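Residue-level listing of the chains:
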Amino acid sequence: MARTSAPLHHAHLPWLLLVALLTTLPHSRYQPLWLTAVAGLVLLGVAWQWRQGYQVARNWLKLLLVMAGCAGILLHYKTLFGRDAGVAMLVLFMALKLLELKHRRDAIVLVTLGYFLLLTHYFYSQSIPTGLWLLGTTLVITACLIHLHGAPQASPRTSLATSGKLLLQALPFMVLLYLLFPRITGPLWGLPQDAHAGRTGLSDTMSPGNISELAQSGEIALRAFFNGPVPPPEQRYWRGPVLDSYDGRTWRTGRSENRAPGLEHTGPALHYTLTLEAHNQRWLLPLEMPASLPDPPGLEARIDSNGLVQARNPLKSRQRVEFTSSPDYRMGVMESPQVLWRNLQLPEGFNPRTLALGRSWQQRHPQPRQRVQAALDHFRQEPFIYTLRPPFLGQQAMDEFLFNTRRGFCEHYASAFVILMRAAGVPARVVTGYQGGEINPVDGFLVVRQSDAHAWAEVWLEGQGWVRVDPTAAISPARIETGIASALPEGEPLPMLVDARLDWLLSMRNQWEAINNRWNQLVLGYNPERQRELFARLGFQDADWKTMGTALGISMGTLLLLLAAWVFRPVRENDPALAIWRRAIRHLERRGIACPPWETPLALARRLEQEAPELAPAVAELAQLVTTARYHPGSPRMEPLRLALKRLLRR
Amino acid sequence: MIHLRLPGRWLARLTQPRRSESGPIRLNRRRIYILPTRAGFLYLATLLIMLLGAINYDLALGHALVFLLTGLGLAGMLHTQRNLLGLELAASGQEPVTAGELAHFRISVRNPAPRPRISLEWSDARRTLPPLLQHIPPGYSTTLQLPIPAVQRGWLELPPLRLASRYPLGLFEAWAHPWPEARCLVYPRPHFTPLPPGLATGSTGDRHGHEGQEDFAGLRERQPADSPRHIAWKAAARDMGNRPLQVKTFSGGAREELWLDWDAAHGDAEQRLSQLTAWVMDAEAAGLDYGLRLPGCQFPPARGPAHRHRCLEALALYAA
């Protein structure tokens, strides 16, 4: 016999509205305005209907809304699939499901959709606040599910309390599954185009304005934890893309060979762990210069002839890698003449005055080292200003910068310096990356932000190889030694959280970022590699799927049994008088006297007068006491009852 | 939710008890079965898709959410089972009914635990009855009236019951098939035809011991079928209710004697039983003295609810 689902009670409607609201509202930040408006109108309409009397919407209206919504999404995203369009579809369906709530079945579908929508929020943020917000929403959705299956007149408090209790009991399972469920490195299938949109970070080209734009972001680019002393600020150069090809305006990465750059380390090595934020590029940003590369499986880090360390695939998620670097090194002493020639090339017809200045140094100074010094002296002596807001530069950008405006950010200085060197016959190239970083006193991590983005230069000198020269240090030594916040004049558009001038803000920021870092390291950074480490620590070296599955199965089973033992623990009779009476009943039943549960104590006692006269007086006494104890106002004394029970049991 | 037809039947047969039990039944864990509902399977499928999404997009918190919801489902399973665990129930029959009516069996349920039992769904094991919903507060006992159609005359046994619950999450359904022993007498379905001619005695209370309605003749112990109007309340009040209730008996009054005879009825055995049933009811309603004569037994003329019941019981249990 097929039975239809229970009809929906009017009291369920506000719960369902709340679920729809909480699960779709955070998406309004990312989705087109019209979709938010449609969903909001539907919600308002249903809320109004709740007061007036709910009715399922007409079929034509639902069909119209579905068609219009899908068409809108198709127009906006150019697809119905993909990450963002898919989320938009879910939001649309969530809103429209509210229009056809007839049975409990419909409500259950809506609740399930709500759970699913929770997941999609993590596409955009996995921070602690998002996690907390979603935990709260899970509580509400679960309370809604409980309300759907309980008494419709149950108070919201009861449903929420039950939901909280269930979620608390679910927590141990979550922790266990999180740690032991065999982790797979995604993706399982090709991700849609928009899967990792909107990541900030360095790029592989540089034109005036790029880095100063990036430097206005307080976002964290990487964190480093040193096993040992932290290198001083002037050694904290995090090496990114090497740009050696210039077209008059933009620097690009040129050709590089897939071979090591000929590194010799002359100083002690530093061991450290880098936690790189996802930047959707392949480079890894180690401290100059790496002596050993990380080797987690799947990463396949390589160093190319320009000294850039790259992974096989772009970093789509936060990545933890271990490096060894040594700040004392010699690189490319035996650099091939072909590479040196490439690093002397300049485009025709650009920046004639700059080229003339460079050439004049070549004639005046026979030694390349002297020419480098001449350029640095030039920057130091002329009135150059270090600023995040350089004026706009025209066609002959470097000429204007060097001879007219003289206001620039690191990319201007690095670019101008390299052009001057090349004109002076010294092979030179631009290196981008980050410089500096700040130690968070709370957890000892060195934090490097986008505002630490930097560009510097490398020149090749006979017998020394590629030598780092940072022209910015010549203009503003403070930038290198204490960071960007103290190097910039007042009123520069720095992100508030980077501004070191606010002490209280700084300490709060440090606390918060240390918590976030722990969250990232411990929770979000838990990956297949860390899982293997955990298993190794538990005594399973090289745990495979089978071991993990067995461990998971056994521990889940144990946990379930423990929870069952707790949930099914025998309940104590909450009424002591009744507990005593039940012991008496058990005694009587053992002696072959049937005691149906509906019989009151006094009725039983009267029945026993005939059926078992030898027991009747004792039962009658106890029955009288139990009845008095249960129905007498105030809390009765239990002692006489216990004595009467003892007398009965002795019979 | 719509239940899948075949597995439902098959499961019911598999989990049904073989025989009814006398005495109160306490639902322990061995008696409670549990399986996911359709909503539970939908939930599971959603979790799987969410897990794939979390893996594919490498969402650490997505993993955490899926695992939290997995734990939630498991905890919900235990709580669904607990919603039935420890309930105590017993059943009792009720006043006889005639075939074609509904016999309302009384099921008394006690919740000994300090927590409420929510959304208990009562039905019979074959699920032919519309389900009855019940909530029991902590420590309460309630009585439920379960209407079972009385189809045939004779004893109607309480069928195996089905007590189910999906609370709290609806992802699992726990059920038990308690089968408390209880039965109810079903009189034959009456087929009303005119009463056969009676034999008027016309005598007024000359026969000793025959009860009438006019003259007070004394007291005797009350029997369940006696009308409450005849209880000697004053006598009961005098002895403080310590002795059984007495009823007043009367004698006298004009009477007509009527024999309802198997041979006077027509048709096959069942039809005759139906006619006789209707005659007993009519004769009692008309205030006549009537006797019943069946092959193998007879009841001398009398009247009153007790006599009526004796006659109808004989008809109900008559073995053709």
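Since the model is a prediction, treat every value here as computed from it, not as a measurement.

Draft legend 1. Region of interest: the overall build of chain B. Helices and strands together make up the secondary structure of chain B, namely six helices and 18 strands. Residues classed as buried in chain B amount to 36% of the 320 residues present. Contacts spanning at least 24 positions in sequence make up 71% of the contacts within chain B whose residues lie at least 6 apart.

Draft legend 2. Just the overall build of chain A, in detail. From N to C terminus, chain A includes 23 helices and 19 strands. Computed over the C-alpha atoms, the radius of gyration of chain A is 37 Å, more than 25% above the 26 Å expected from 2.2 N^0.38 for a compact globule of 651 residues. C-alpha atoms of chain A, sized along the principal axes, occupy 135 × 65 × 50 Å. Taking all 651 residues of chain A together, 36% fall into the buried category. In chain A, 74% of the contacts between residues at least 6 apart in sequence involve partners at least 24 apart.

Draft legend 3. Broad picture of unusual backbone geometry. For the peptide bond that leads from A:E288 to A:M289, omega is -15°, which places it in the cis range. Mapped onto the elements of the fold, A:M289 is located in the loop between β7 (270-276) and β8 (290-292). In this structure, A:K78 takes a positive phi of about 65° despite not being glycine. Here A:K78 shows up in the loop between α3 (59-77) and α4 (83-97). Of the residues examined, A:K78 has 10 C-beta atoms within 10 Å and is grouped as exposed. Notably, B:D58 is not glycine yet its phi reads approximately 55°, a positive angle. Summarising the element assignment, B:D58 is placed in the loop between α2 (38-56) and α3 (60-84). According to the C-beta neighbour criterion, B:D58 is buried, with 22 such atoms within 10 Å.

Draft legend 4. Here's a closer look at the interface of chain A and chain B. Each partner contributes to the interface: chain A provides 61 residues, whereas chain B provides 57 residues. If you list the elements that add at least two residues to the side of chain A that touches chain B, you get α5 (104-121), α6 (128-149), α7 (156-180), α17 (503-524) and α19 (545-567) of chain A. The element best represented in the side of chain A that touches chain B is α7(A), accounting for ten residues. Each residue belonging to the side of chain A that touches chain B can be placed in one class, and the counts come to 42 nonpolar, 14 polar and five charged.

Draft legend 5. Quick look at the confidence of the model for chain B. Residue and element names in this part refer to chain B. Mean pLDDT over chain B stands at 81; residues scoring 70 or higher make up 84%. Within chain B, strand β13 (residues 199-200) has the poorest average pLDDT of any element, 55, and α3 the best, 94. Under a pLDDT of 50 for its full length, residues 1-6 has, in the predicted model, 13 contacts with residues more than four places off or in other chains. Interface scoring of the predicted complex returns ipTM 0.75; its pTM is 0.72.

Draft legend 6. Summary view of the pairing of strand β3 (residues 237-243) of chain A. All names here are of chain A. Taken across its seven residues, β3 has seven buried, putting it largely inside the fold. Examined bridge by bridge, β3 and strand β15 (residues 428-435) share five bridges and lie antiparallel to one another. Note on β15: the bridge partner recorded for W238 is Y434.

Draft legend 7. Spotlight on the environment of A:Q370. Residues and elements named next belong to chain A. Here Q370 shows up in helix α11 (residues 368-381). A residue is classified by how many C-beta atoms lie within 10 Å of it, and Q370, with 13 of them, is partly exposed. Between the C-alpha atom of Q370 and that of M334, which follows or precedes it by 36 residues, the distance is 21 Å.

Draft legend 8. Layout of the confidence of the model for chain A. Overall, the prediction assigns chain A a mean pLDDT of 84, with 93% of residues at 70 or greater. Mean pLDDT across the elements of chain A bottoms out in helix α16 (residues 484-487) of chain A (70) and peaks in α7(A) (93).

Draft legend 9. The arrangement of the packing of α19(A) against α3(B) in detail. α3(B) packs onto α19(A) with a crossing angle of 35° between their chain directions and a minimal axis gap of 10 Å. Considering how the two elements wind past one another, α19(A) and α3(B) form a crossing that is right-handed. The residues of α3(B) that touch α19(A), namely those facing A:L560, A:L563, A:A564 and A:V567, are B:L74, B:A75, B:L78, B:H79 and B:R82. Of the residues belonging to the contact of α19(A) with α3(B), the class tally is seven nonpolar, one polar and one charged.

Draft legend 10. Main features of the sheet that holds strand β9 (residues 154-157) of chain B. All names here are of chain B. With mixed pairing, the three strands of this open sheet are ordered in space as β4-β12-β9. Unpaired on one side and paired on the other, β4 (97-98) and β9 mark the two borders of the sheet. In terms of strand pairing, β9 meets strand β12 (residues 183-187) through four bridges, oriented antiparallel. Paired with L156 across the bridge in β12 is C184. Along the sheet, helix α6 (residues 305-316) contacts β9 and β12; its crossing angle with β12, the most-contacted strand, is approximately 90°.

Draft legend 11. Up close: the nonpolar core. Core analysis: the biggest nonpolar cluster contains 122 residues, and A:L16, A:V19, A:V111, A:C144, B:L65 and B:V280 have the highest contact counts within it. Ranked by residues supplied to this core, first place goes to α3(B) with 14 residues. Discounting chain neighbours no more than four positions away, the residues touching A:L16 are A:L98, A:L101, A:A107, A:L110 and A:C144.

Draft legend 12. The arrangement of the sheet that holds strand β6 (residues 117-124) of chain B in detail. Residue and element names in this part refer to chain B. If you trace the five strands from one edge of the open sheet to the other, you get β2-β11-β10-β6-β7, paired in antiparallel fashion. Each of the sheet's edge strands pairs with one partner strand only, and the pair in question is β2 (33-36) and β7 (132-136). The sheet shows a mean angle of 30° between the axes of neighbouring strands, direction not considered. Where strand β10 (residues 161-165) lies against strand β11 (residues 172-176), three bridges are found, and the strand directions are antiparallel.

Draft legend 13. Layout of α4(A). Residues and elements named next belong to chain A. Under the 1.5 Å per step criterion, the end-to-end length of α4 is 21 Å for 15 residues, consistent within 8% with the ideal 21 Å. Those residues of α4 that sit buried are R83, D84, A85, V87, A88, V91, L92, M94, A95 and K97. Those residues of α4 that are buried lie in contact with α1 (13-24), α2 (33-52), α3 and α5.

Draft legend 14. Molecular detail of the packing of helix α12 (residues 397-405) of chain A against helix α13 (residues 410-423) of chain A. Residues and elements named next belong to chain A. Packing of α12 against α13 brings their axes to within 10 Å, and their N-to-C directions diverge by 105°. Our classification of the angle between α12 and α13 gives roughly perpendicular. Where α12 abuts α13, its residues M398, F401 and L402 lie against H412, S415, A416 and I419.

Draft legend 15. Structural view of the environment of B:K234. Positionally, B:K234 belongs in helix α4 (residues 233-238). For the pair B:K234 and B:I55, spaced 179 residues apart in the sequence, the C-alpha separation amounts to 85 Å.

Draft legend 16. Quick peek at the environment of A:H147. All names here are of chain A. Along the polypeptide, H147 turns up in helix α6. For the pair formed by H147 and W15, sequence separation is 132 residues and the distance between their alpha carbons is 8.1 Å. Residues in contact with H147, not counting those within four places in the same chain, are H12, W15, A154 and S159.

Draft legend 17. A look at the pairing of β15(A). Residues and elements named next belong to chain A. Counting buried positions along β15 yields eight of eight residues, so the element is predominantly enclosed. As paired strands, β15 and strand β18 (residues 453-461) are joined by seven bridges and run antiparallel to one another. Paired with V430 across the bridge in β18 is A457.

What counts, and at which threshold
Residues numbered from 1 in each chain as written. Chains lettered and ligands numbered in written order. Predicted model: local features only at pLDDT ≥ 70, side-chain atom pairs only at ≥ 80, totals over all residues. Helix = DSSP H or I, 4+ residues; strand = E, 2+ residues; numbered from the N terminus. Buried ≥ 20, exposed ≤ 12 C-beta atoms within 10 Å, placed from the backbone. Contact = placed C-beta atoms within 7 Å. Rg over C-alpha atoms; globule rule 2.2 N^0.38 Å. Nonpolar A, V, L, I, M, F, W, Y, C, P; charged D, E, K, R; others polar. pLDDT = per-residue confidence, 0-100. Pairing = 2+ DSSP bridges. Axes fitted to C-alpha atoms, helices over the stretch in contact; angles between N-to-C directions. Left-handed = near helix turned anticlockwise from the far one by under 90°. Core = buried A, V, L, I, M, F, W, Y, C linked by C-beta atoms within 7 Å. Expected span 1.5 Å × (residues − 1). Parallel < 35°, antiparallel > 145°, perpendicular 65-115°, else oblique.

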